[in-house]
Amino acid sequence: MDLSSSLLVGASNFANLLSMIPSLLELHLSDYNLKETHLSYILHNLTTLSNLQHLDLSSNTLTGSIPESLTKLSMLQVWDLSFNELRGPIPIFLGKLTELYLSGNDLNGSIPASIGQFSKLRSLDVSYNSLEGEIFESHFSNLSMMLKEFNVASNSKLTLIFSREWMPPFQLIRIDLGSCKIENEFPQWLRNQRKLQRLVLSNTTISGPLPTWLRKMPNIPFMDLSHNNLSGPLTNLPNGVTNVDDEDFIQQHLFLQNNTFNDSIPRSLYKRRDLANLDLSKNRLIGIIPKCFKNLQKLQFLRLSSNGLSGIIPSFIGNISELSSLNLNDNNLSGELSATFWNLSWLRVLDLGDNALCGKLLEWIGEKIKQLLVFRIHKNNFARGIPRSLCITINLQILDVAHNNLA
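None of these values were measured; they are calculated from a predicted model.

**Student:** What is the right way to look at the pattern of salt bridges in this model?
**Tutor:** Charged atoms that come close allow side chains of opposite charge to pair. Across all of its chains, the model carries 9 salt bridges by this definition. A salt bridge links D106 to R87; the shortest N-O distance between them is 2.9 Å. Residue D106 is found in strand β7 (residues 106-107), and its partner R87 is found in strand β5 (residues 85-88); the two are separated by 19 residues along the sequence. Accessibility expressed as a relative area gives 26% for D106, which makes it partly exposed. Taken together, the shared-partner salt bridges in this structure form one network comprising D351, D354, R376 and D400.

Written out as structure tokens, the structure reads:
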């Protein structure tokens with residue numbers, strides 16, 4: 001039964017309706033405006049739900065703690081209580097749990113070690129809560145190769161402690177540990193995770209260089225290592241074949257901003273031809289913008305700001321026709337803007353501020369790039385006047401041309 005996003009019928013009448021369907025296996029009430037009072041009616045006689053295997057109560061306004069009666073549904077395999085207003089600890093669940101979604105609540109306390117007893121668990125998502133304490137290898141003691149998704153993101157008081165020698169029994173597809181605490185170095189247990197499509201370790205306090213074994217890993221379509229203290233060159237980024245089936249559509253992203261990576265941008269990025277978003281901003285990268293970028297024809301967002309890059313802005317960037325945002329500000333770039341930039345007809349943000357660029361601004365900026373919302377050339381060496389075409393660009397919201405030699 002799927003009544004998601006439906007108008008709520010009388011709670012007592014709905015409970016009576018359920019009592020007439022003793023063989024009900026799935027119940028979906030997502031976005032049903034379900035409140036605690038309605039839930040109490042539904043759960044009043046649990047014998048009517050004794051065969052239930054899949055329960056979806058996500059995106060409602062349930063408050064209080066998770067009802068104990070719910071945890072005793074012995075046949076339940078898939079739980080989804082995400083995006084409610086639930087509080088209190090995560091209870092000990094019974095049943096044959098294979099998927100547990102509790103994200104987007106205000107649950108507190110620790111993650112019970114009993115989670116590790118569900119040998120057929122495929123997905124665990126407790127992200128965006130107020131969980132605390134520590135996660136050890138024992139939490140995964142009896143988990144098998146079936147576990148594919150592990151998401152504990154945005155639980156800032158949660159710490160993951162695994163030994164360097166630990167080798168998980170499973171092959172995860174999606175890992176999100178963002179804003180949790182990971183002790184010291186890049187997690188060594190990830191070295192045997194060869195099927196990853198999503199890896200998020202942002203804001204996890206990890207430091208030091210990327211490990212050499214990471215270079216031999218398959219490319220990870222969505223990889224976020226931002227807001228840490230990772231250092232050294234980027235030569236150890238995953239360099240193997242991407243883990244995406246031909247029939248899957250996964251937009252590829254690489255987020256490495258707000259670290260202390262140094263040296264030049266590696267030419268090995270040419271293999272990431274399907275990258276839609278590349279963010280290397282706020283690091284210590286030097287050298288020129290490499291020619292390998294001309295192979296990244298699916299880029300929509302390119303952010304290289306706040307580094308030490310030098311040289312000219314290469315003309316081939318003007319041929320990356322899908323670019324929507326180009327941020328090259330706060331570097332040491334010089335030279336004039338290439339006329340090929342007029343090819344960037346979908347560009348909305350162009351930030352070239354705080355460099356040493358020169359020459360004059362030509363009319364094509366406003367005539368050809370008609371979607372432009374932000375145009376910033378603050379603190380450069382541009383001369384002559386502001387093109388009239390910019391004055392009639394109806395979409396332009398921010399224009400910053402201060403500290404140049406414009407007449």
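So, next bit.
**Student:** Help me understand the sheet that holds strand β11 (residues 157-160), please; the structure alone is not making it clear to me.
**Tutor:** Strand pairing in a sheet relies on backbone hydrogen bonds. The paired strands run either parallel or antiparallel. Sheet architecture is open: 3 strands sit in the order β9-β11-β13, paired in parallel fashion. The strands lining the two open edges of the sheet, one partner per strand, are β9 (132-135) and β13 (181-182). As paired elements, β9 and β11 share 4 bridges and run parallel to each other. Among the inter-strand pairings, G133 is bridged to a residue of β11, identified as L158.

**Student:** How do you make sense of unusual backbone geometry when you look at a structure like this?
**Tutor:** If a residue is not glycine, its phi is most likely negative; likewise, a peptide bond is most likely trans. Located in the positive-phi region is D354, a residue other than glycine, with phi close to 60°. Here D354 is to be found in the loop between β26 (349-351) and β27 (356-360).

**Student:** Would you mind showing me how to read the packing of aromatic side chains here?
**Tutor:** Aromatic ring pairs are reported here in terms of the distance separating the ring centres and the angle at which the planes meet. Summed over the entire model, instances satisfying the criterion amount to 10 aromatic pairs. Ring geometry for W166 versus F170: centroids 6.3 Å apart, planes at 75°, classification edge-to-face. Of the residues examined, W166 reaches a relative accessible area of 11% and is grouped as buried. Of the residues examined, F170 reaches a relative accessible area of 1% and is grouped as buried.

**Student:** Looking at this structure, how should I read the nonpolar core?
**Tutor:** One broad trend across soluble globular proteins is that nonpolar side chains are buried collectively. One finds L278 and F293 to be the most contacted residues of the largest nonpolar core, which totals 107 residues. Listing elements by their share of this core, those giving two or more residues are β11, β20 (275-279) and α3 (364-368).

**Student:** Please explain the sheet that holds strand β31 (residues 405-406) as it appears in this structure.
**Tutor:** Sheet architecture is open: 9 strands sit in the order β15-β17-β19-β21-β23-β25-β27-β29-β31, paired in parallel fashion. Looking at which strands have only one partner, the edges of the open sheet turn out to be β15 (207-209) and β31. Strand direction decides the pairing type here: strand β21 (residues 284-287) and strand β23 (residues 308-312), joined by 2 bridges, are parallel. Bridge pairing in β23 links G287 to L309.

**Student:** Please explain the pairing of β20 as it appears in this structure.
**Tutor:** When a strand is regular, its side chains alternate between the sheet's two faces. For β20, a buried count of 5 out of 5 residues is recorded, marking the element as mostly surrounded by other parts of the structure. As defined by bridge partners, strand β18 (residues 252-255) adjoins β20 across 4 bridges and the pair is classed as parallel. Bridging across to β20, F255 finds its partner in D279. As defined by bridge partners, β20 adjoins strand β22 (residues 301-303) across 3 bridges and the pair is classed as parallel. Bridge assignment links D279 to a residue of β22, and that residue is R303.

**Student:** It is not clear to me how empty space enclosed by the protein should be interpreted in this structure. Could you clarify?
**Tutor:** Summary: where empty space remains is shown by rolling a probe the size of a single water molecule over the atoms. The tally for this structure, following the rule as stated, stands at 3 cavities of 30 Å³ or more. The volume enclosed by the largest cavity comes to roughly 80 Å³. N219, L237, P238, N239, L254, S268, L269, K271 and R272 are the residues that line the largest cavity. Residue composition of the lining of the largest cavity, by class: 4 nonpolar, 3 polar and 2 charged. If you trace the second largest cavity, you find it lined by I111, I115, L121, L124, I135, H139, F140, L143, L147 and F150.

What counts, and where the lines are drawn
- Within each chain, residues carry numbers counting from 1 in the order of the written sequence.
- Local features in a predicted model are, by the rule used here, given only for residues with pLDDT of at least 70; side-chain atom pairs are given and counted only at 80 or more, and totals for whole chains, interfaces and linings are based on all residues.
- Computation of side-chain values: all heavy atoms of the structure, hydrogens and water removed.
- We count a salt bridge whenever a side-chain nitrogen from Lys or Arg sits within 4 Å of a carboxyl oxygen from Asp or Glu.
- In this description a helix means any DSSP run of H or I spanning at least four residues, a strand means any run of E spanning at least two, and both kinds are numbered starting from the N terminus.
- Classification of residues uses two cut-offs on accessible area relative to the type maximum, computed with a 1.4 Å probe and protein chains only: under 20% is buried, over 50% is exposed, and between them is partly exposed.
- Paired strands are those between which DSSP finds at least two bridges.
- Ring pairs are drawn from Phe, Tyr and Trp, using the six-membered ring of Trp, whenever the two centres fall within 6.5 Å, and their geometry is named by plane angle: stacked under 30 degrees, edge-to-face over 60, tilted for the rest.
- What we call a nonpolar core is a set of buried Ala, Val, Leu, Ile, Met, Phe, Trp, Tyr and Cys residues that are connected through their side-chain atoms within 4.5 Å.
- Detection works on a 1 Å grid of protein atoms alone, calling trapped sets that fit a 1.4 Å probe cavities and calling open sets with protein on both sides within 12 Å along at least five of seven lines pockets, with lining residues defined by an atom within 4 Å of a point.
- Grid points are joined across faces, edges and corners, and a volume is the space filled by probe spheres set on the points.
- Amino acid classes used here: Ala, Val, Leu, Ile, Met, Phe, Trp, Tyr, Cys and Pro are nonpolar; Asp, Glu, Lys and Arg are charged; the rest, including Gly, are polar.

No statement about biological role is implied by the geometric values presented.
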